Amino acid sequence: MRLPVNAQGLLVRSSLLDAGHSPAEINARVRAGDWLPVARGIYLPEAALSEEERTVAWRRRAAVYRYRCLAQAAGGPVLSHQSAAAVLRLELLRPDLTRIHVLSGRPTGGKIQRRRHIHVGDAGGTEVEVDGVVLTGPARTAVDVAAAGTFAQALAVFDAALARGVTREELAEVLEQRRRPGHARTRFALQHADGLSANPGESWGRAQIIEAGLPVPRIQVHYVLPDGSDAYTDYDWEGRLVGEFDGVEKYTRLRRPGESVADVVLREKRREDGLRALGLDVTRAIIADFEHDRWVPRVHGRLERLGLLR
């Protein structure tokens with residue numbers, strides 16, 4: 001039986017009943033995890049998630065949150081901040097996925113509720129429509145998220161916005177129009193933003209280097225390895241020190257058809273050996289290194305040993 005998905009790709013209980021699905025069947029599909037509840041009487045088909053969203057925990061949470069935003073904002077207020085970013089698919093660093101962020105449309109009336117954060121003001125003409133839902137546009141959304149977060153979160157969302165085609169000039173213009181507490185920090189983050197950053201984790205590692213006052217690495221530097229294959233590095237200091245970020249999803253994303261995760265690990269080991277064969281020093285990082293302040297001391301020590309500290 002064909003599923004009656006709506007404009008947001010969701011299943012509404014009333015439409016399912018009208019299409020001949022019984023309450024018992026609906027409840028059974030929900031219990032089995034085939035249909036994920038995202039709002040009262042609204043479900044997300046598990047099959048709508050990509051393989052990466054099904055297998056990587058944080059991507060799954062982000063995808064479900066995106067559909068929650070779509071479900072609860074259809075025909076309603078303008079989405080903003082993290083919710084607009086989720087619908088626009090701007091990857092954020094440690095976003096708050098507990099509340100739906102919307103604009104009040106008035107100069108007053110802001111409040112934080114258990115499941116909703118209502119921000120004062122309106123979209124100021126920046127609004128766009130995605131899947132039938134109205135939200136703040138990419139530049140306005142990135143600036144709002146950046147202004148409300150840490151330096152690392154600001155850098156991550158600006159990196160993401162640039163990667164999606166928003167220009168630095170657009171971001172700077174909105175930033176100047178929407179001066180908020182922490183404006184200097186947000187502007188500093190925009191100065192260092194780079195659309196070549198592959199994900200929020202890489203942005204986080206770069207943010208810590210910048211805040212520590214260490215030399216800022218180039219990113220996605222291209223090398224041809226001794227076996228003739230290409231390699232692009234996450235962080236690169238003057239072609240002498242390379243930093244690699246091993247995100248949780250890396251070995252899923254890099255897996256080729258027919259490969260196991262172990263195959264990817266071995267291929268990454270050969271890639272690292274190839275970089276070392278070119279005379280590069282290589283250091284690797286995982287999220288825990290960023291969380292527990294191990295990344296900056298490690299990089300500082302390597303830079304000092306190589307004489308790259310100025």
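Before any of the text, the structure's been laid out above.
Residues numbered from 1 in each chain as written. Predicted model: local features only at pLDDT ≥ 70, side-chain atom pairs only at ≥ 80, totals over all residues. Heavy atoms only, no water.

1. Topic: the overall build of the protein
Rule in force here: Think of it this way: any DSSP run of H or I at least four residues long counts as a helix, any run of E at least two long counts as a strand, and we number them from the N terminus. The buried label applies to any residue whose accessible area, calculated with a 1.4 Å probe on protein chains only, is under 20% of its type's maximum; exposed applies above 50%, and partly exposed to all values in between. The contact definition used throughout considers only heavy atoms, calling two residues in contact when any of these lie within 4.5 Å. Note on areas: Shrake-Rupley, 1.4 Å probe, and residue coverage restricted to the protein chains presented here.
A tally of regular secondary structure across the protein gives 14 helices and 13 strands. Along the three orthogonal principal directions, the C-alpha set of the protein runs to about 70 × 50 × 30 Å. Evaluated residue by residue, the protein yields a buried proportion of 45% over its 310 residues. Long-range pairs, those at least 24 residues apart, make up 52% of the contacts in the protein with a sequence separation of at least 6. Carbon and sulfur atoms provide 51% of the accessible area of the protein, an area that totals close to 15200 Å².

2. Details of the side chain of Thr-283
Structurally, Thr-283 can be placed in strand 13 (residues 281-285). Residue Thr-283 is classed as buried on the basis of its relative accessible area of 2%. The residues touching Thr-283, leaving out its near neighbours within four places in the chain, are Leu-241, Val-242, Gly-243, Glu-244, Trp-295, Arg-298 and Arg-302.

3. Structural notes on the sheet that holds strand 2 (residues 35-39)
As a reminder, the rule being used: When DSSP finds two or more bridges between a pair of strands, those strands are recorded as paired. Under this scheme, a helix contributes an axis fitted over its contacting stretch, all axes are lines through C-alpha atoms, and angles between N-to-C directions fall in the 0 to 180 degree range.
The antiparallel open sheet is built from 3 strands, whose spatial order is 1-3-2. Edge positions in the sheet fall to strand 1 (11-12) and strand 2, since each of these pairs with one other strand and no more. With 4 bridges connecting them, strand 2 and strand 3 (residues 42-45) associate as antiparallel partners. Looking at strand 3, one finds that Leu-36 is bridged to Leu-44. Contacting strand 2 and strand 3, helix 4 (residues 57-73) runs over the sheet at an angle of about 50 degrees to strand 2.

4. Quick look at the pairing of strand 13
When a strand is regular, its side chains alternate between the sheet's two faces. Among the 5 residues of strand 13, 5 are classified as buried, and the element is accordingly described as predominantly covered. Of the two faces of strand 13, the one carrying Asp-281, Thr-283 and Ala-285 and the one carrying Val-282 and Arg-284 are both buried. Sheet topology note: the strand 12 (residues 241-245)/strand 13 ladder contains 5 bridges and is parallel. In the sheet register, Gly-243 faces strand 13, and the bridge partner there is Thr-283.

5. Looking at the pattern of salt bridges
When charged atoms on two side chains of opposite charge get close, those side chains can pair. Where we set the bar: Basic side-chain nitrogens of Lys or Arg form a salt bridge, by our definition, when they fall within 4 Å of a carboxyl oxygen of Asp or Glu.
Tallying each qualifying case throughout the model produces 25 salt bridges. For Arg-29, the salt bridge goes to Glu-25, with nearest N and O atoms at 4.0 Å. Taken together, the residues span about one helical turn, with Arg-29 and Glu-25 both in helix 2 (residues 23-31) at a distance of 4 residues. Glu-25 gets classed as partly exposed once you look at its relative accessible area, which sits at 29%.

6. Focus on the environment of Ile-219
Mapped onto the elements of the fold, Ile-219 is located in the loop between helix 10 (200-211) and strand 9 (221-224). Considered as a pair, Ile-219 and Gly-195 are 24 residues apart in the sequence and their alpha carbons are 9.8 Å apart.

7. Quick notes on the packing of aromatic side chains
What counts is decided by this rule: Pairs were defined over the aromatic rings of Phe, Tyr and Trp, the Trp ring being its six-membered one, requiring ring centres within 6.5 Å. Orientation was assigned from the angle between planes: stacked under 30 degrees, edge-to-face over 60, tilted for the rest.
If you walk through the whole model with that rule in mind, you get 7 aromatic pairs. Each ring, one from Phe-290 and one from Trp-295, has its centre 5.7 Å from the other, and the planes form 75 degrees; the classification is edge-to-face. Both residues of the pair, Phe-290 and Trp-295, belong to the buried class. Each residue in the set Trp-204, Tyr-235, Trp-237, Phe-245, Phe-290 and Trp-295 is aromatic and connected to the rest through ring pairs, giving one cluster.

8. Overview of the environment of Gly-124
Relative to the helices and strands, Gly-124 resides in the loop between strand 6 (116-119) and strand 7 (127-130). Using a relative accessible area of 62% as the deciding quantity, one classes Gly-124 as exposed. C-alpha of Gly-124 to C-alpha of Ile-26: the two residues are 98 residues apart in sequence and 41 Å apart in space.

9. Things to note about helix 8 (residues 168-177)
Rules: As used here, the arc is the angular range of directions from the helix axis to the C-beta atoms.
Along helix 8, the residues classified as buried are Leu-171, Val-174 and Leu-175. Along the axis of helix 8, the buried residues cluster in a sector spanning 105 degrees; they form a single face. In helix 8, those exposed residues whose orientation departs by more than 90 degrees from the buried face are Glu-169 and Gln-177. Elements that come into contact with the buried residues of helix 8 comprise helix 6 (138-148), helix 7 (151-163) and helix 9 (183-192).

10. Side note on the sheet that holds strand 11 (residues 235-237)
Read from one edge to the other, the open sheet built from 3 strands follows the order 11-12-13, with strand pairing classed as mixed. Looking along the sheet, the strands with just one partner apiece sit at the ends: strand 11 and strand 13. Strand after strand, the sheet turns through a mean of 20 degrees between neighbouring axes, direction not considered. Lying over the sheet, helix 10 contacts strand 11 and strand 12, oriented at roughly 30 degrees with respect to strand 11. The strands touched by helix 14 (residues 295-305) are strand 11, strand 12 and strand 13; relative to strand 13, the strand with the most contacts, the crossing angle is about 175 degrees.

11. Some remarks on the environment of Gln-82
Among the structural elements, Gln-82 can be located in helix 5 (residues 81-88). Relative accessible area serves as the criterion here: at 17%, Gln-82 is assigned to the buried category. Between the C-alpha atom of Gln-82 and that of Val-145, which follows or precedes it by 63 residues, the distance is 6.4 Å. The contact partners of Gln-82, leaving out residues within four places of it in the chain, are Tyr-65, Leu-92, Pro-95, Asp-96, His-101 and Val-145.

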